[in-house]
Amino acid sequence: MSLSHVDDTLKDHVRRFGRNLDYEDCLAEAWIAYLEALNSYRRVQGCCGWEKYLSLCVQEQLQALRSQRNQHIQIHSSLSLDHPSGEGDSPAGNWLPAQSGNFERTVLFRDYIGQLRSPMKEIAHYMAQGDSPEEVMECMSMTPAEFSYWTDCLREQLEKEYL
Amino acid sequence: MVNPGLLQIDLSKWDQIAPPPPSTYPFSLSANPNGYISLGERLRDEMRKHRPELVFQFHAQPDRRVLALVPCDSGEYHFPKGGRVKDLRFTQSLIAAGVILPARYQVAWNPQAGAWVACLVSSEAASPAAALKASLPPRQKRKSA
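What counts, and where the lines are drawn
- Residues numbered from 1 in each chain as written.
- Chains lettered and ligands numbered in written order.
- Predicted model: local features only at pLDDT ≥ 70, side-chain atom pairs only at ≥ 80, totals over all residues.
- Heavy atoms only, no water.
- Helix = DSSP H or I, 4+ residues; strand = E, 2+ residues; numbered from the N terminus.
- Expected span 1.5 Å × (residues − 1).
- Buried < 20%, exposed > 50% of the residue type's maximum accessible area, 1.4 Å probe, protein only.
- Arc of directions from axis to C-beta.
- Contact = heavy atoms within 4.5 Å.
- Phe/Tyr/Trp six-rings, centres within 6.5 Å; stacked < 30°, edge-to-face > 60°.
- Lys NZ or Arg CZ within 6 Å of the ring centre and 35° of its normal.
- Pairing = 2+ DSSP bridges.

## A short note on helix α1 (residues 3–17) of chain A
All names here are of chain A. Taking 1.5 Å per residue, 15 residues should reach 21 Å; α1 reaches 21 Å between its end C-alpha atoms and fits that length. By the burial criterion, the buried members of α1 are Val6, Asp7, Thr9, Leu10, His13, Val14 and Phe17. The arc that holds every buried residue of α1, seen down its axis, measures 165°, which confines them to one face. Set apart from the buried face of α1 by more than 90 degrees, the exposed residues are Ser4, Arg15 and Arg16. Against the buried residues of α1 lie α2 (23–44) and α3 (50–70). Looking one or two residues past α1, Arg19 carries a phi angle of roughly 45°, positive in sign.

If you want it as structure tokens, here you go:
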């Protein structure tokens, strides 16, 4: 496959999957996906043909870029790349996730977390918002041993308070 | 803390755990995402007891859940000594039939068919697209600069 043919193919994929992302950014990401796909295809060539595999890799790469750009932006914000344009009539509340859990208990729990001593307070905060242990360790620059020690302390404290 | 060395025990009142049952079909065949079809070592040895050459007519049900290898002298499907052959067209047809790779088949000799018959024991997906997604390994995430 000649380079110009590759370039044309990638441009096609970018037009198809890039949607409202920046075209040049998408093209750069598509080339990265192409080079990675070249290296990895021999391990998965029993699953599908090259064209299909390349298309999947580019799609996944652009989806990752979209998720990265959408971080910390709510879906109803005008800055969101997933903003459902053309549906102006529907109220913004329709796009918000359904409310779940108990508001009063959540407030009490947050209040309780705020009274913990450091670094248990931060660990509890990160874990309550759904971060994985690996992400918490990375955020707090902790070793697994330190993390394990402090989560044990936190568990002990919670058991003392609530059981 | 209980010291296991000092525990007073009466084994006659305990449950005795039996060893795990042996596999009913010790012979297997697998198809991998890299396009290789492999005969298990024990299956290969058993096949060679009857014929030294691993030459077959290879048949597959349209849904790829059951395969049959008919030993013959002038078959078209030839496994090399290692029992491993690369056949992208076949492995891709498994995905098209909704079989997730790597796929594992249990094999037994079927005297009525005069063939080694293989039945799928690994996972299946609802659609070819789902099978393809499940068969591809997850791509590694790059760290953003």
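And the narrative resumes.
## Side note on unusual backbone geometry
A cis amide bond links A:Ser118 to the next residue, A:Pro119, at an omega of 0°. Tracing the sequence through the fold places A:Pro119 in the loop between α4 (103–115) and α5 (120–128). The step from B:Leu101 to B:Pro102 runs through a cis peptide bond, and the omega angle for that step is 0°. Topologically, B:Pro102 is positioned in the loop between α2 (88–96) and β7 (103–110). One non-glycine residue, B:Arg64, adopts positive backbone phi at about 65°. Summarising the element assignment, B:Arg64 is placed in the loop between β3 (55–60) and β4 (66–71).

## Quick notes on the packing of aromatic side chains
Counting across every chain of the model gives eleven aromatic pairs over all chains. On the basis of an interplanar angle of 75° and a centroid distance of 5.0 Å, the ring pair of A:Tyr149 and A:Trp150 is categorised as edge-to-face. A:Trp150 sits in the buried class, given a relative accessible area of 17%. On the basis of an interplanar angle of 75° and a centroid distance of 5.9 Å, the ring pair of B:Phe56 and B:Phe79 is categorised as edge-to-face. In this pair, B:Phe56 is assigned in strand β3 and B:Phe79 in the loop between β5 (77–78) and β6 (84–86), connecting sequence segments 23 residues apart. Look at B:Phe79 and you get buried, because its relative accessible area is 2%. When the ring centre of B:Tyr36 is taken as origin, the NZ or CZ atom of B:Arg84, which lies over that ring, is 3.8 Å away.

## Quick notes on the pairing of β3(B)
Residue and element names in this part refer to chain B. Bridge analysis of β3 against β5 gives two bridges, and the strand direction is antiparallel. Within β5, the position partnered with Phe56 by the bridge is Tyr77. Here β3 runs beside β4; their pairing, made up of five bridges, is antiparallel. Counted as the bridge partner of Ala60 is Leu67 from β4. Counting the residues that bridge the hairpin from β3 to β4 gives five residues, and of these Arg64 lies at a positive phi of roughly 65°.

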